[in-house]
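# Summary of the model geometry
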Amino acid sequence: MASESADVKSPRTCRLAEIVQYHCDPPHDPADPQWHCLPVIRIFRICKDRPAVELTRFVQVNVETGAVHIPSQSSQVLPKGKPWRDVTRHEHTLGNET
């Protein structure tokens, strides 16, 4: 049982995940109705029982191999995440500012 609690705190319970989103610009020339899109790679650290945290701006990616290097100080500068159930939404209606 002691090994189970050690595994929960182990960094091995975290994994990296990558998603690819696209930033697209609409066609500027009506004669050439082709959209121009570029991939935007986003990298996340996902740990058991914790919210995912985006690491994209902290990691270094080797463009030849695709290997991802996470700097050791990244855990000190990452924002604290919280589960969606703990996020507070404040209602704000446009036009009602005083």
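Residues numbered from 1 in each chain as written. Predicted model: local features only at pLDDT ≥ 70, side-chain atom pairs only at ≥ 80, totals over all residues. Heavy atoms only, no water.

### Observations concerning the sheet that holds strand E1 (residues 14-25)
Strand order in the open sheet formed by three strands is E1-E2-E3, with antiparallel pairing between adjacent strands. The open sheet has two free edges, formed respectively by E1 and strand E3 (53-54), since each of these has just one partner strand. Bridge analysis of strand E2 (residues 36-47) against E3 gives two bridges, and the strand direction is antiparallel. Of the residues in E3, the one forming a bridge with Phe44 is Glu54. (Pairing = 2+ DSSP bridges. Helix = DSSP H or I, 4+ residues; strand = E, 2+ residues; numbered from the N terminus.)

### Quick notes on the state of the cysteines
Under the criterion given, the structure shown has two disulfides. Across the disulfide, Cys14 is cross-linked to Cys47 (sulfur-sulfur distance 1.9 Å). Note on the Cys14 and Cys47 pair: the S-S dihedral is about 105°, so by sign convention the disulfide is right-handed. Here Cys14 is found in strand E1, whereas its partner Cys47 is found in strand E2, with 33 residues between them in sequence. Here Cys47 falls in the buried class, since its relative accessible area comes to 10%. (Disulfide = S-S within 2.5 Å. Buried < 20%, exposed > 50% of the residue type's maximum accessible area, 1.4 Å probe, protein only.)

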